[in-house]
Amino acid sequence: MSRKQAFIDGIVNAVANFNVGYSQGAARSTIAALASSPSRAVDADCSSLIAFGLWRAGYTGSFRADAWTGNLRGIMTAAGFTARRWSRGTALHAGDVLLLEGATGKRGHVALYADAAGRTSQLFEAWLNELGGTIGGAPGDQGDETRMRPYVSHPDTVAGRWEWVLTPPAEAAASTTTAQEDFTVAEAERVIAHVTAVDGTVKATSQTVHAEVLALREQVSALAATVKALTANVNKVVDALPELKIGADSANKTKVRIGASSDGTAPLPATLAPEERAAIAAGITAEKEGAR
């Protein structure tokens, strides 16, 4: 939101949506409490209402409780507003402030020109209290103390009393352009050369990796063949070993019988030499006879 819009909204909301009545004297500054207590019943006069909007929009660093129609033009021009003389043909825009300074002892007044609530060319102002005066009355708006009125039918417009139009400072529009870089032919050629070099590096790396993968596959195949051969040799050794069985004699002494079942009749492994088979068989026979 722009500062100008914040200025407009601060005053319009105070008049249309908050409980702001009219009073001069000390009560005129209670409008500042809206910043922390929006539901509070407060009062303002025409100048402190504008001062509240200036403060909430950031045009002034603090709430100017000393503001009145006699010094408001100086406060606002110091904040960047432009002052120009008013006439009946003066073009007005939302956010302009109409000011009747009022010489010493004469009536002064100030109001905000804006569009709101579906209506155009409205003035937002603090007017009079519920008693029709400037001092006294209950806090807060008792009915039309702060109000919206059409600019063209406002008493000060009809009577031609406005003196000054104060216009908010212009604000820089947000940039919508995007910076673009112009490539020359030489720059384009450098980019193409760089891309080509990167492509060549990628291809060379890919070829190297492929060759390394093939070599690794050959090593794995050779290792698998070696493991297969070792496995075959181990199986041969295992097949050549006699079968070991554990049994017990009548004295419950553990004995090892080679190549025989529990009754000693199982054949010996075929892988033994004939003389080895004969020697083992003779030993088994002798053992049986001794057991009898």
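Owing to the predicted nature of the structure, the values given are computational and were not obtained by experimental measurement.

Calculation notes
Residues numbered from 1 in each chain as written. Predicted model: local features only at pLDDT ≥ 70, side-chain atom pairs only at ≥ 80, totals over all residues. Heavy atoms only, no water. Helix = DSSP H or I, 4+ residues; strand = E, 2+ residues; numbered from the N terminus. Expected span 1.5 Å × (residues − 1). Buried < 20%, exposed > 50% of the residue type's maximum accessible area, 1.4 Å probe, protein only. Contact = heavy atoms within 4.5 Å. Phe/Tyr/Trp six-rings, centres within 6.5 Å; stacked < 30°, edge-to-face > 60°. Lys NZ or Arg CZ within 6 Å of the ring centre and 35° of its normal. Pairing = 2+ DSSP bridges. Axes fitted to C-alpha atoms, helices over the stretch in contact; angles between N-to-C directions.

## Regarding unusual backbone geometry
Move 1: Here the phi dihedral of Ser 121 falls at roughly 55°; this positive angle occurs in a residue that is not glycine.
Move 2: Inspection of the secondary structure assignment puts Ser 121 in strand β6 (residues 119–126).
Move 3: Unlike most non-glycine residues, Asp 144 shows phi in positive territory, near 65°.
Move 4: Note on placement: Asp 144 falls in the loop between β6 and β7 (146–150).

## Describing helix α1 (residues 3–16)
Move 1: For α1, spanning 14 residues, the distance from its first C-alpha to its last is 20 Å, which sits close to the expected 20 Å at 1.5 Å a residue.
Move 2: Taken as a whole, α1 has its buried residues at Ala 6, Phe 7, Ile 8, Gly 10, Ile 11, Val 12, Ala 14 and Val 15.
Move 3: The inward-facing, buried residues of α1 abut β1 (20–22), α2 (46–57), β4 (97–100), β5 (109–116), β6 and β7.

## Looking at the packing of aromatic side chains
Move 1: In total, this model carries 6 aromatic pairs according to the counting rule given.
Move 2: Here the aromatic cluster, defined as three or more aromatic residues joined through ring pairs, consists of Phe 7, Tyr 59 and Phe 81.
Move 3: Residue placement shows Arg 73 over the ring face of Trp 164; its charged tip is 4.0 Å from the ring centre.
Move 4: Geometry around Trp 127 places Arg 147 over its ring, the cationic atom sitting 4.0 Å from the centre.

## Overview of the sheet that holds β4
Paired through their backbone hydrogen bonds, the strands of a sheet run either parallel or antiparallel.
Move 1: The 6 strands lie next to each other as β3-β8-β4-β5-β6-β7, forming an open sheet whose pairing is antiparallel. The open sheet has two edge strands with one neighbour each: β3 (82–85) and β7. Recorded for the sheet is a direction-independent mean angle of 30° between the axes of neighbouring strands.
Move 2: Bridging between β4 and β5 involves 4 bridges; their strand directions are antiparallel. Bridge pairing in β5 links Leu 99 to Val 110.
Move 3: Here α1 sits on the sheet in contact with β4, β5, β6 and β7, set at roughly 100° to β5.

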